[in-house]
Structure formats: structure tokens, C-alpha cells
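# Structural overview
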There are 2 protein chains.
Amino acid sequence: MPRWEPDARERLVVAALHLFNEQGYDETTVAQIVDRAGLTRSTFFRHFPDKRDVLAAGQETLSRLLTDGITAAPDDAGPLDAMAAGLRGAAGAMTPASRELGPRLQAVIAASAELQQRDQLKRVGLAAAAADALRARGVDRRTADLVAELGMLAFKEAYATWVAADDEQDFGALATRALEQLRVAAAALG
Amino acid sequence: MPRWEPDARERLVVAALHLFNEQGYDETTVAQIVDRAGLTRSTFFRHFPDKRDVLAAGQETLSRLLTDGITAAPDDAGPLDAMAAGLRGAAGAMTPASRELGPRLQAVIAASAELQQRDQLKRVGLAAAAADALRARGVDRRTADLVAELGMLAFKEAYATWVAADDEQDFGALATRALEQLRVAAAALG
């Protein structure tokens, strides 16, 4: 984010989210978003290629935090512990602002088939990035794919709990616990 | 498929796949597809809403076979055995024609970001359908989601082997074996 415009991106995201919520995603225009945010169209398009991309804001950051966490796990950490480290890294994207906007974001996504698809593709992208990071640690392909999927299920479960909780909870701890519960469920299958 | 037009749908799929492969998905028009298939535009649009939907042909059938297999598994089958039954059911969609067209289809998908996204969404949809069918058997939500993801990984692995094999292999057996290997990999995580 450029130094001379510290809040523009966040203001655009918040304005868009409120408008999507109030009047629907399809009915909201870029003109309305910039108007609500008190910014210009050119500022909008400096940050986002398209209206659709406003909600993808943070996707790259999240993916980077997740994979950096996996990569930085100790050499002797197993695949599941490395995945847990990635989820704790991803907690860096779970700010008070994103928690406050969470329910609104979920409602907007639930109301739009297009946004649901984008949300699903986002998870597929995160799973692929996590699997790549695990393979780079020497984890075999099958285990990497498996652990990445477990990680995504844990992420989803932890996020739902984190957004719905009355008090501020530690996302990393929630995700680590969810991953452990999934491991136990997987072990019980045999 | 209507009785009076037994092969039209399949001919359209084959023609589209050849054209996508030869000249690219984006460059191919519905007019070219119907021309190659020796059919009319109105026949095309009776079968498919859109060019994009030609490659989704069989998606509903596949989903139905998968979930029917899960549902029809014996009452005392555990979640993983029910998933295996679903994958063996899905083998009903793996015809000699779909095996012959498989490598071409994979090449077409690999060459288009849009088709890759549709393929990913297809898997997400299958996973959701499988998880629903497992929950309907009384499987708890976490285990249902977990086993559905294992099922999708097994499906993907089995499909890649099935398409690449020199001889005609039993898709259901391949998928059941892949699922068992994933179970072993999951059990080894703890």
C-alpha cells in the first residue's frame, strides 16, 4: 500500500461490503463504492481491476502468510505440524477489522452465486499453495495434498468459530485445535 | 436424451473437444461446433445453454452416480466404505468414450484459466454432494467433510491413472485403492 494513501484500500473494501450488504452485489456499481468511500474512480482502479476483486482483497496476503508459516516450520516438524504453523501464520490476516466485517462478508457471499464460486476458488487456490509449500519441505505428493485439504477444513471451521464468537479468540489456536480434531477423525476411519 | 436424437449430445461434445484442442477454447464458436458435428444451432441450444456447458456434460450424471453409490451402501458400512461405494458408482460414468476423450479434455482444460476454474468448481460441487450424502447416513459433519475430501483426492488420482493407462482399467478398483492409500497416509500423520 503506498505511503501517501494509507487507508484508501481498506475504505474501499468497507464501503463495498456495506453496499453489497444493503442493496446486493449485482446492484452495486464502482461509482457507488467510491462515492460511499469518499474517493475517486481512479483510486479504485489503482487498487482493484474490478468490482469483483474488492472481496478478494487480502487473498494474496493470506496465501503468503499461510505458505510462509509452512516454510518456516522447524525442519523436524511433520507435515501436520507444518500445516498448523501455516494456519498460525494465516492468523496474521485475522485482524479486528476483518472479524468485525466477517458476518457482513459471509452474508454478501451467501447471497451471490458468483461470489460463492469465487470463495470456493479462493479455497482451492489456498489448498494448492499449501500443498506446494509442503512438497517443498520434502513431503510426498499424496500426503501434501491430504494435509493441505485437512488444513483447509480446519481453516474453514476455525474461521466460522472466530467470526461468530462473542469475544476475540486466537484464530491460530482455533485452527490448530480444529486440525487436531480432524487428525483424530481421520485416525478413527481405519 | 430424447429418443429421436440419440447421438446429438455426444456428437456435440466430441466436436467441441476436437475444436477446443485444435484452435483453443476461446477461439471456438458454437457455429463451428455445430458445423463440425453436422447439426444445427437449435440442436446445440436444446442440449446446452452455452459453449462453456459442453464440457460440463456428464457432471450431473457423475454427481448422481456418486451420491447414489453412497446412499445405497449397506447400513453397517462405515463412512469410508460408503465413500468407496460412491466412487465405484461413479465408475458408471467412465465409459470407453470418456476414456478415449480424456487426454484431449485434460489438454483443453490445462490451456484455459476459465476451464480450470470450472473444473475446480466441479470438484467442489462433487465434494459437497458426497458430504451431504454421507451426512444423510448419519455421519457427523466433520467426518463427512473429511471423507468427502478424501474421496475427491482418490477420484482425482484414480482418474489420472485411468486416463493414462495403456489398457482399460477398472475405475472403481483404482479409486477404492487410492482411497485406501489415503486412509493409510492419514493414519500415519498422528
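Residues numbered from 1 in each chain as written. Chains lettered and ligands numbered in written order. Predicted model: local features only at pLDDT ≥ 70, side-chain atom pairs only at ≥ 80, totals over all residues. Heavy atoms only, no water.

### Topic: the confidence of the model for chain A
Residues and elements named next belong to chain A.
- Residues of chain A with pLDDT of at least 70 account for 97%, and the chain-wide mean is 91.
- The weakest mean pLDDT in chain A belongs to helix α6 (residues 96-110) at 86; the strongest belongs to helix α5 (residues 79-90) at 97.
- The low-confidence segment residues 1-6, where pLDDT is below 50, has 8 contacts with residues more than four positions distant or belonging to other chains.
- In the predicted complex, the global pTM is 0.87; the interface-specific ipTM is 0.85. (pLDDT = per-residue confidence, 0-100. Helix = DSSP H or I, 4+ residues; strand = E, 2+ residues; numbered from the N terminus. Contact = heavy atoms within 4.5 Å.)

### Describing the relation of the copies chain B and chain A
- Mapping chain B onto chain A calls for a rotation angle of 180° and an axial translation of 0.0 Å; the resulting RMSD is 0.0 Å. What the rotation and shift describe, once combined, is the action of a two-fold rotation axis. Looking at the rotation axis and the C-alpha trace of chain B, the residue lying nearest is B:A187, at 2.4 Å.
- Looking at chain B, 100% of its interface residues are interface residues in chain A too, so the copies touch through the same face. (Least-squares fit on C-alpha atoms with pLDDT ≥ 70 in both.)

### Section: the packing of α5(A) against helix α8 (residues 141-164) of chain A
All names here are of chain A.
- Where α5 meets α8, the closest approach of the two axes is 10 Å, and the angle between their N-to-C directions is 40°. Classified by the interaxial angle, the pair formed by α5 and α8 is oblique. For the pair α5 and α8, the crossing hand works out as right-handed. Two secondary-structure elements touch here, α5 through P79, L80, M83, L87 and A90 and α8 through T143, V147, A148, L150, G151, M152, A154 and F155.
- Residue composition of the contact of α5 with α8, by class: 11 nonpolar, 2 polar and no charged. (Axes fitted to C-alpha atoms, helices over the stretch in contact; angles between N-to-C directions. Parallel < 35°, antiparallel > 145°, perpendicular 65-115°, else oblique. Left-handed = near helix turned anticlockwise from the far one by under 90°. Nonpolar A, V, L, I, M, F, W, Y, C, P; charged D, E, K, R; others polar.)

### A short note on the pattern of salt bridges
- In this structure the tally under the stated criterion is 22 salt bridges over all chains.
- For A:D145, the salt bridge goes to A:R135, with nearest N and O atoms at 3.5 Å. One end of the pair, A:D145, is in helix α8; the other, A:R135, is in helix α7 (residues 113-135), and 10 residues separate them in sequence.
- Residue classification places A:R135 among the partly exposed residues on the basis of a relative accessible area of 33%.
- Between B:D145 and B:R141 there is a salt bridge; the shortest N-O distance is 3.3 Å. You can see B:D145 and its partner B:R141 sitting in helix α8 (residues 141-164), 4 residues apart, about one turn around the helix.
- When its relative accessible area of 16% is taken as the criterion, B:D145 is described as buried.
- Sharing partners across several salt bridges, the network here consists of A:D132, A:R135, A:R141, A:R142, A:D145 and B:E157. (Salt bridge = Lys/Arg side-chain N within 4 Å of Asp/Glu carboxyl O. Buried < 20%, exposed > 50% of the residue type's maximum accessible area, 1.4 Å probe, protein only.)

### Some points on the nonpolar core
- Membership of the largest hydrophobic core comes to 85 residues, with the highest contact counts inside it found for A:M83, B:M83 and B:F171.
- The contact partners of B:M83, leaving out residues within four places of it in the chain, are B:L66, B:I70, B:A130, B:L134, B:V147, B:A148, B:G151, B:M152 and B:L179. (Core = buried A, V, L, I, M, F, W, Y, C linked by side-chain atoms within 4.5 Å.)

### Some words on the interface of chain B and chain A
- Tallying the contact residues gives 23 residues for chain B and 23 residues for chain A.
- Contact between chain B and chain A buries roughly 2,200 Å² in total, counting both sides, with carbon and sulfur atoms accounting for 75%.
- Our count for the chain B to chain A interface comes out at 4 salt bridges.
- B:E157 is paired through a salt bridge with A:R142; the nearest N and O atoms lie 2.5 Å apart.
- Inspection of the region where chain B meets chain A yields 4 residue pairs in polar contact (both at pLDDT 80 or more).
- Going through the elements one at a time, α5 (79-90), α7 (113-136), α8 and α9 (171-187) of chain B are the ones with two or more residues in the side of chain B that touches chain A. (Buried area = accessible area lost by both parts, 1.4 Å probe. Polar contact = N/O pair within 3.5 Å; in protein donor to acceptor, adjacent residues only side chain to side chain.)

### A few points about the environment of B:L80
- Topologically, B:L80 is positioned in helix α5.
- For B:L80, a relative accessible area of 9% corresponds to the buried category.
- What B:L80 contacts, discounting residues up to four positions off in sequence, is A:L189, B:V147, B:L150, B:L179 and B:R183.

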